[in-house]
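Residue-level listing of the chains:
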Amino acid sequence: MADTPTTDIQDLLGSEAEDLLTHECMIDKEQLHLPGGDFVDRVWKDSDRNPRVLRNMQALFDHGRLGGSGYLSILPVDQGIEHSGGASFAPNPMYFDPENIIKLAMEAGCNGVATTYGVLGSMARKYAHKIPFILKFNHNELLSYPNTYDQTLYASVDAAFEMGCTGVGATIYFGSDESPRQIQEVSRAFERAHELGMFTILWCYVRNSGFKIDGDNYEASADLTGQANHIGVTIEADIVKQKQPTLNGGYKALNMGDSSYGKLDERIYSKLSGEHPIDMTRYQVMNSYMGRCGLINSGGGSGKNDKAQVVRTAVINKRAGGMGLITGRKAFQRPMDEGVEVVHALQDVYLDDSVTVA
């Protein structure tokens, strides 16, 4: 590999290149359990995960363009339920056909594909042995009127096992009125998944309208998302999926005036995280048992500068000590060849040894 990041990576980062590629974190990387080809042996072998879980984890790490690196690039497509099929697939109606979702993940060299029960079930016999399947078993639906926001079970863990999945995934809206029930449902499901030998991925979303204060959305704050991760790994999520933080100070904002919310320590902001995006993302890694449970960040929605945006997200995740990205809309809402190009661009960040952990 080159001694400095490729010109493409630097060009895509633009004016942020020097800052993002040279920043040193407040918390030393030596304290982290970093991704690598030996991650399962080094980190998970002493856990309570049974040999079948370890085998399936290793299958995920070994697949695709990032195979053997310890990093993950996963294609997630549950937006047909979460955002409606029409809104999600209007840019490319071909993705109403489940086979094209799986073909995109394979063409892009992803480690695995995470999608709905119906998509995987319709293609299981043809593809379950060709790319790791991850069943996303709960969803929010936007057909109810007025719209509600809750995660509902759509499939069973046993069904995932029967169709040949290597892992399962779920979402919890931490901070919402429904979160206690969701935590209990997902905890039981993850326990069953581990019994059957499947690894678990948790979408650790923070969701409450009360977290939006004076124009700032603290659902994306490092301190609140970090705590969501910490709860997620407590119910034995093997990998946590989280939106990359865009600000900090959620606890502080919610404790202004006469409000008393949660517990905070000023050292969260002065010694543990700070305001730099890499420090804030490292705080998410720290809350995921110092990286024992890998942090994969969201690639976000599709826009005009998808390649630049996804490379920026990948650089921040990798330098923070994260394990990769889970990117859907930036890929499937473009023609397939362009979607593959976007996914390859983010994968190239993890394959470039000169993009180091800060």
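Quick note: structure is the one above.
Everything numeric in this text was worked out from a predicted model, so none of it was measured.

About the criteria used
Residues numbered from 1 in each chain as written. Predicted model: local features only at pLDDT ≥ 70, side-chain atom pairs only at ≥ 80, totals over all residues. Heavy atoms only, no water. Helix = DSSP H or I, 4+ residues; strand = E, 2+ residues; numbered from the N terminus. Rg over C-alpha atoms; globule rule 2.2 N^0.38 Å. Buried < 20%, exposed > 50% of the residue type's maximum accessible area, 1.4 Å probe, protein only. Contact = heavy atoms within 4.5 Å. Areas by Shrake-Rupley, 256 points an atom, 1.4 Å probe, with all protein chains shown as cover. Axes fitted to C-alpha atoms, helices over the stretch in contact; angles between N-to-C directions. Parallel < 35°, antiparallel > 145°, perpendicular 65-115°, else oblique. Left-handed = near helix turned anticlockwise from the far one by under 90°. Nonpolar A, V, L, I, M, F, W, Y, C, P; charged D, E, K, R; others polar. Disulfide = S-S within 2.5 Å. 1 Å grid on protein atoms, 1.4 Å probe; cavity = no way out; pocket = protein on both sides within 12 Å on 5 of 7 lines; lining within 4 Å. Points joined across faces, edges and corners; volume = space filled by probe spheres on them. Polar contact = N/O pair within 3.5 Å; in protein donor to acceptor, adjacent residues only side chain to side chain. Expected span 1.5 Å × (residues − 1). Arc of directions from axis to C-beta. Core = buried A, V, L, I, M, F, W, Y, C linked by side-chain atoms within 4.5 Å. Salt bridge = Lys/Arg side-chain N within 4 Å of Asp/Glu carboxyl O.

Draft legend 1. Summary view of the overall build of the protein chain. A tally of helices and strands in the protein chain yields 16 helices and 12 strands. In terms of overall dimensions, the protein chain is globule-like: its C-alpha atoms have a radius of gyration of 19 Å, near the 21 Å expected for 358 residues. Reported as C-alpha extents along the three principal axes, the dimensions of the protein chain are approximately 55 × 50 × 45 Å. When burial is assessed residue by residue, the protein chain has 57% of its 358 residues classed as buried. Sequence-distant contacts in the protein chain: of pairs separated by 6 or more residues, those separated by 24 or more amount to 74%. As displayed, the protein chain has an accessible area near 15100 Å², and 49% of this comes from carbon and sulfur atoms.

Draft legend 2. Highlighting the packing of helix α13 (residues 277-287) against helix α14 (residues 306-320). Where α13 contacts α14, the two axes come as close as 8 Å, and the packing angle between them is 55°. What the angle tells us is that α13 and α14 run oblique. Pair α13 / α14 crosses with right-handed handedness. Where α13 abuts α14, its residues Pro 277, Ile 278, Thr 281, Arg 282 and Val 285 lie against Arg 312, Ile 316, Asn 317, Arg 319 and Ala 320. Of the residues contributing to the contact of α13 with α14, the split by class is five nonpolar, two polar and three charged.

Draft legend 3. Structural context of the state of the cysteines. What the rule picks out here adds up to zero disulfides. The thiol of Cys 110 is unpaired, and the distance to the nearest cysteine sulfur, on Cys 165, comes to 16 Å.

Draft legend 4. Examining empty space enclosed by the protein more closely. Considering all chains together, one arrives at one cavity of 30 Å³ or more under this definition. Of the volumes computed, that of the largest cavity is approximately 30 Å³. Every residue lining the largest cavity is listed: Phe 39, Trp 44, Met 57, Phe 61, Asp 238, Ile 239, Gly 294 and Met 323. Sorting the residues of the lining of the largest cavity by element identifies α3 (39-44) and α4 (51-62) as the ones contributing at least two each. Of the residues that constitute the lining of the largest cavity, the class distribution is six nonpolar, one polar and one charged.

Draft legend 5. Spotlight on the environment of Asn 147. Its location among the elements puts Asn 147 in the loop between β4 (138-139) and β5 (152-153). Here Leu 142 takes part through its backbone oxygen, which lies 3.1 Å from a polar atom of the side chain of Asn 147. Within the structure, Asn 147 has its side chain in polar contact with the backbone oxygen of Ser 144 (distance 3.1 Å).

Draft legend 6. Main features of the layout of surface pockets. One number sums up the size of the largest pocket: a volume of about 620 Å³. Sorting the residues of the lining of the largest pocket by element identifies α5 (79-89), β6 (167-174), β7 (199-206), α13 and α14 as the ones contributing at least two each. In terms of residues, the lining of the largest pocket owes the most to one element, α14, which gives four residues. When its residues are assigned to classes, the lining of the largest pocket shows 11 nonpolar, 15 polar and seven charged.

Draft legend 7. Summary view of α4. The end-to-end C-alpha distance of α4 is 16 Å, a good match for the 16 Å that 12 residues give at a rise of 1.5 Å each. All of the buried residues along α4 are Val 53, Leu 54, Asn 56, Met 57, Leu 60 and Phe 61. Looking straight down α4, one finds that the buried residues subtend no more than 165° of arc, so they occupy a single side. Along α4, exposed side chains directed more than 90 degrees from the buried face belong to Pro 51 and Arg 55. Its side-chain oxygen 2.9 Å from the backbone nitrogen of Arg 52, Asn 50 forms the N-cap of α4. Where α4 ends, the next residue or the one after it, Gly 64, has phi of about 80°, a positive value.

Draft legend 8. Inspection of the nonpolar core at higher detail. Ranked by internal contacts, the top residues of the largest apolar core, which has 89 residues, are Leu 75, Phe 133, Phe 137 and Leu 202. A per-element tally of this core places β7 first, with seven residues. Grouped together as the second largest cluster of nonpolar side chains are 24 residues, Ala 17, Leu 21, Ile 316 and Val 357 included.

Draft legend 9. Structural detail: the pattern of salt bridges. As enumerated under the stated definition, the model contains 18 salt bridges in all. Among the ionic pairs, Arg 192 bridges to Asp 158, the shortest N-O distance being 2.8 Å. In this pair, Arg 192 sits in helix α9 (residues 179-196) while Asp 158 sits in helix α8 (residues 157-162), placing the two residues 34 residues apart along the sequence. Relative accessible area serves as the criterion here: at 31%, Arg 192 is assigned to the partly exposed category. The exposure class assigned to Asp 158 is partly exposed, which follows from its relative accessible area of 35%. Residues Arg 334 and Asp 306 are paired through a salt bridge, measuring 2.9 Å at the closest nitrogen-oxygen approach. Taken together, the residues Arg 334 in the loop between α15 (329-332) and α16 (336-351) and Asp 306 in helix α14 connect sequence positions 28 residues apart. Judged on exposure class, the residue Arg 334 and its partner Asp 306 are both buried. Taken together, the shared-partner salt bridges in this structure form one network comprising Asp 48, Arg 49, Glu 236 and Asp 238.

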